[in-house]
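Observations on chain architecture
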Amino acid sequence: MAAKKEDKVMTLVDAVQLIRDGDIIAMQGMGTQMSPLALVREIIRSRKRDLTVVMVVGGIGLDWMIAAGCVRRVLAIIVNLDEFGMANAFRRAVEAGEIEMEEYTEHQLLSRLSAGSKGLPFLVTRSGLGTDLINIHPETTRIIECPFTGQKVIACRALEPDVAILHAHRADCYGNVQFFPKPIWTDVDVFPRAAKKVIVTVEEIVENEEIRRTPIHTGIPYFKVDAVVEVPYGAHPCSLYPNYSFDRVLFQEYATTSKTAEGTQQFLDRYIFGPASHAEYLQRVGGAEALLRIRKWS
Amino acid sequence: MAAKKEDKVMTLVDAVQLIRDGDIIAMQGMGTQMSPLALVREIIRSRKRDLTVVMVVGGIGLDWMIAAGCVRRVLAIIVNLDEFGMANAFRRAVEAGEIEMEEYTEHQLLSRLSAGSKGLPFLVTRSGLGTDLINIHPETTRIIECPFTGQKVIACRALEPDVAILHAHRADCYGNVQFFPKPIWTDVDVFPRAAKKVIVTVEEIVENEEIRRTPIHTGIPYFKVDAVVEVPYGAHPCSLYPNYSFDRVLFQEYATTSKTAEGTQQFLDRYIFGPASHAEYLQRVGGAEALLRIRKWS
Amino acid sequence: MTHCAEDYTIDELMVVTLARQFTSDDIILNGTVSFIPVAAILLARETHAPGLTWVAGAVGVDAQPGYLMGNTLDPTMWKNCVMYLPQWEDMWSYVHRGTLETFCIRGAQIDKYGNVNNTVIGDYYHPKVRLPGSAGMGDMGSLDKRIFIWSTTHNRRTFVERVDFLGCVGYLDGGDSRERLGLKNGPQLVITDLGVMDFEPESKRMRLRSVHRGVTVEHVREQTGFELVIPDEVPETPPPTEREIHLLRDVIDPKGMRKLEFRGAGKSVK
Amino acid sequence: MTHCAEDYTIDELMVVTLARQFTSDDIILNGTVSFIPVAAILLARETHAPGLTWVAGAVGVDAQPGYLMGNTLDPTMWKNCVMYLPQWEDMWSYVHRGTLETFCIRGAQIDKYGNVNNTVIGDYYHPKVRLPGSAGMGDMGSLDKRIFIWSTTHNRRTFVERVDFLGCVGYLDGGDSRERLGLKNGPQLVITDLGVMDFEPESKRMRLRSVHRGVTVEHVREQTGFELVIPDEVPETPPPTEREIHLLRDVIDPKGMRKLEFRGAGKSVK
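Since the model is a prediction, treat every value here as computed from it, not as a measurement. (Residues numbered from 1 in each chain as written. Chains lettered and ligands numbered in written order. Predicted model: local features only at pLDDT ≥ 70, side-chain atom pairs only at ≥ 80, totals over all residues. Heavy atoms only, no water.)

Some remarks on the interface of chain B and chain C
In this assembly, 29 residues from chain B lie in contact with 24 residues from chain C. Carbon and sulfur atoms make up 54% of the area that chain B and chain C hide from each other, which totals about 2,200 Å². At the junction of chain B with chain C, the criterion picks out 7 salt bridges. With a closest N to O distance of 3.0 Å, B:Lys5 and C:Asp62 form a salt bridge. The interface formed by chain B and chain C includes 16 residue pairs in polar contact (both at pLDDT 80 or more). Among the secondary structure elements, those contributing two or more residues to the side of chain B that touches chain C are helix H5 (106–118), helix H6 (186–194), helix H7 (208–213) and strand E13 (218–220) of chain B. Its residues assigned to classes, the side of chain B that touches chain C shows 12 nonpolar, 8 polar and 9 charged. (Contact = heavy atoms within 4.5 Å. Buried area = accessible area lost by both parts, 1.4 Å probe. Salt bridge = Lys/Arg side-chain N within 4 Å of Asp/Glu carboxyl O. Polar contact = N/O pair within 3.5 Å; in protein donor to acceptor, adjacent residues only side chain to side chain. Helix = DSSP H or I, 4+ residues; strand = E, 2+ residues; numbered from the N terminus. Nonpolar A, V, L, I, M, F, W, Y, C, P; charged D, E, K, R; others polar.)

Things to note about the nonpolar core
Ranked by size, the top nonpolar core spans 370 residues in total, and within it A:Trp64 and B:Trp64 carry the most contacts. Aside from chain neighbours lying at most four places away, what touches B:Trp64 is B:Leu37, B:Val40, B:Arg41, B:Ile44, B:Pro237, B:Tyr254, B:Phe267, B:Leu268, B:Ile272 and B:Tyr281. By size, the runner-up hydrophobic cluster in this structure holds 20 residues, among which are A:Ile144, A:Val153, A:Ala155 and B:Cys146. (Core = buried A, V, L, I, M, F, W, Y, C linked by side-chain atoms within 4.5 Å. Buried < 20%, exposed > 50% of the residue type's maximum accessible area, 1.4 Å probe, protein only.)

Quick word on the pairing of strand E10 (residues 146–151) of chain D
Looking along a regular strand, one sees the side chains alternate between the two faces of the sheet. Residue and element names in this part refer to chain D. The element E10 is largely enclosed, with a buried count of 5 among its 6 residues. As paired elements, strand E5 (residues 102–105) and E10 share 4 bridges and run parallel to each other. When the bridges of E10 are listed, Phe103 appears paired with Ile147. As defined by bridge partners, E10 adjoins strand E11 (residues 186–192) across 6 bridges and the pair is classed as parallel. Following the sheet pairing, Arg146 is matched in E11 by Gly186. (Pairing = 2+ DSSP bridges.)

As for the domain arrangement of chain C
All names here are of chain C. In terms of domains, chain C is made up of domain 1 (1–100 + 238–261) and domain 2 (105–237). In this structure, domain 1 and domain 2 have C-alpha centres spaced 22 Å apart. Between domain 1 and domain 2, the contact holds 24 residues from the first and 20 residues from the second. Each partner contributes to the roughly 1,800 Å² buried at the junction of domain 1 and domain 2, and carbon and sulfur atoms together form 64% of this total. Together, Met14, Gln21 and Glu261 form the three largest contributors to the area buried by domain 1 at its contact with domain 2, with a combined 27%. For the pair domain 1 and domain 2, the number of links is 2 salt bridges. (Domains from an automatic or database assignment.)

Let's talk about empty space enclosed by the protein
Enumeration over the complete set of coordinates arrives at 6 cavities of 30 Å³ or more. Empty space within the largest cavity amounts to approximately 490 Å³. A:Ile184, B:Lys182, B:Ile184, C:Pro86 and D:Pro86 are the residues nearest the centre of the largest cavity, which is lined by 30 residues in total. Among the secondary structure elements, those contributing two or more residues to the lining of the largest cavity are helix H6 (186–194) of chain A, H6 and E13 of chain B, strand E4 (83–84) and helix H3 (87–97) of chain C together with strand E4 (83–84) and helix H3 (87–97) of chain D. Quantified by volume, the second largest cavity comes out at close to 120 Å³. Along the walls of the second largest cavity sit 18 residues, with A:Ser114, A:Lys118, A:Leu123, B:Lys118 and B:Leu123 positioned nearest its centre. Mapped by element, the contributors of at least two residues to the lining of the second largest cavity are helix H5 (106–118) and strand E7 (122–125) of chain A, H5 and strand E7 (122–125) of chain B, H3 of chain C together with H3 of chain D. (1 Å grid on protein atoms, 1.4 Å probe; cavity = no way out; pocket = protein on both sides within 12 Å on 5 of 7 lines; lining within 4 Å. Points joined across faces, edges and corners; volume = space filled by probe spheres on them.)

Description of the interface of chain A and chain C
Contact residues are listed per partner, giving 50 residues for chain A and 48 residues for chain C. Note on chain A versus chain C: buried area summed over both sides is about 4,000 Å², and carbon and sulfur give 60% of it. Our count for the chain A to chain C interface comes out at 2 salt bridges. With its nearest N and O atoms 2.4 Å apart, the salt bridge here joins C:Arg130 to A:Glu103. Of all the elements in the fold, those that place two or more residues in the side of chain A that touches chain C are strand E5 (78–79), helix H4 (88–95), strand E6 (100–103), H5 and H6 of chain A. The leading source of residues in the side of chain A that touches chain C is H5(A), at 6 residues. Partitioning the side of chain A that touches chain C into residue classes produces 20 nonpolar, 17 polar and 13 charged.

The structure is reproduced here in structure tokens:
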């Protein structure tokens, strides 16, 4: 599970080959923030199937993958598009019984991943005691007693995703990944440590010397990274602070068109299957106008 | 356990009043690095008794406290003075049965503290399986089985020290504590989170605005800090990188004189009980000459 | 003397009412789409609770973003903070142990004991409606928090006899049932577009505390899907002051982000 | 062709021998007073293992300190690193799970199965001699590490039949006893001031692999407090090359910090 110190720069197409059908994918992102969406579009184009997707907060990328038929199961604490409302493909697929939703409290899910990151069979939490959430996954959360005090806690079974996918500000060719500022969000912290393989897309690939000048910004070390892909605006339509904001126009369009299954498919055809490249995608979402509008934070 | 947003700057004498006889003290530091030794000298001068001292790597400050009769029990993974050899007061006191040494593996001790920091009754580890270490503290480490896999792991009982004591580069008056660079050593990370109260000595107190300019360097938030004391060279004779190195001369003197109980007491009299102030202490260890010699890293 | 505002809207009254619950002793973090709580936090800090600690987006300690922007989890909210709190070990330690003791939540269903559901309507495995999920409140209900519930849809669909799925522990079955599970604190107040509720100390049943200007007790009773405890005297919710309204409208939320939480946003109560 | 050095000292031979064990696949972190292992890591990286990953002082990933300075845990060792690894969550996760797989240790007592003691001589509660403590090796022995043991005092006090206190798990009672506890890997090699030992694959008993120049097999046998497995042919430990000696003396450890680990430091073997 240790990656070598070697050049790991590749294309989106090559990086996606590290993902196999049926894999458990830990995916960074929240409702509208920091998610490897160019990579997600490539996963969809390459028609991966039966994926289990693990997110803390599932967002638009997950909804696309579900609409495209890539997903069999979701592990998350919530799935939505923030103020743009419900993730409609997710809602429809769960209601139709087409995918499973395994809902956790955040601390349960992170405890599962943290146990995985440590090679421990489980970790414990008090989060969710008394809720119905602990009853819906008895194979992975179970009430046990403290051997010293008898206090009841919830054992959370280790989870080691096959692949973690993330988008970040920059990296060198070996996969030293940096964030500016360095938000230690749980998904950029626990996800890559828990996963067996890690794919990172970045706004910019920089020299190794540049990384050594600012080691305090490095969040993931190269020995944990298997693929590095340079994709400017790779989180679009999500945000990558401070580089660009989320794209209200595209989110609103998706929130509206995804109200029907047909509208969702048309959206996928237009924005994911249609464009032959990331540049074409950016052109189709509005080109220069789009890139200018997401420079504004408001 | 939350501290208010208020001015917490005080003198060493006042800060030490937060410590009561019999307390469990979590103390930052290693053999020769980054330890709140001006505060330790004040603890000794105020003749605290029956302390339990928790360190990952116990060093010269712990040895002084033992020699001065402040300590009843030590929890650590190792106690020594790095290349200056054995902590002689510690050795003598354990061999004479005057203090208890509760030795842990590092991951066991940190798991105990991390459980404390989370309000969890215990956490688990595999560290130390098969060693004699788990047999010597059955009240705090015990082998249990994973409820999912049956795998044997060691439950480590939560430990919440009464007071954590640290030395850092700088802080504001509210207790936002910064490190340069920001080494996330376990003792500056887990110790303050686990403790009920936190005392921090710093090289320099700066304005709150200064902290807000470099939030990436802040390691402990003000709501976790109860006392801030400005003590330049507060880690001496330990190092505070990059400000100053450890003081080879004083370490060597202590390593030599501490070979006998009498020599140790003479050292304490000369350097701890003798000086009436921190400035006098610095003068006695060599004054300007000492401050110049520890500017060099070699 | 402070002057009461004459002209205010429901969203403003909700923010002000929530803000007045907070003190300088509170340490509060916010979740997603939480414009009303974040506005209340900023307002409390500007008025009666300058020492209140806010962890913006569960990352930026004591942040000073200036005003509400596009998203309550965006790093824009961390501006001028004193520390980026690492989430997994630091933030979650402080939450789990109880140092961060105050949290605001909302949900699709709220029952008479303050239990909340945002997971499903119907059966979990075969839901009639799949909702977004319990998110942070699934944690907070079991972690000894002082919980403030807000809702912009006080009606019989939201306020139900019993939640379909218990995603956030309130007072469970009432009485001492929460306590018996070993949980401290619990829901403190429910602030809606119609009024303010608290919980009867013994039975833990939801109790009407005040109604907003122009709202009748009878209307609240009709819009609530369970039997509210209704005292003999139900006062009007104290109105905002002119200063509060000025701060909220002109300084804290000039873009009116708080209104995003209403479907038919910003009805004037005047 | 590489030229063998003629003039070298025991500390140099130990560093070079250890360095040759490391490969570009290794990820190694170092502990305190570990001048010999750190010198070996830097030397391996300069010669045959450029891809070796070193986490300096268990913090500085892929650090480039230049040369050995006062202390192997000092931040001076992190110079030009690519990341400061947070110790508790990150470093310990990587160690616990097995990503960081290689570790070097030493101790006051080493027994024939590679178990190590640095805690007490005598009884734990009433020790004849209290030693510093097991430190990181208490962890590493149980966490599936490939362990390299070094000792600058090959004598009957250090190499004992059975350790007084089992602080670091080697091969326990030999045979498959380590495996039965569920532990992978274990001690690989023991490098001392007299020679090099490994472990017999089946019995897991310590076995003499080579003796340093000028040392006899008989002398090693005499200085060892248990019965070493001694093959028919015991070669001389391969000498350093001139390049290795140059790099070590002039580039990596010009201050001779490695000699601090010897009481009577730096005897020439020539």
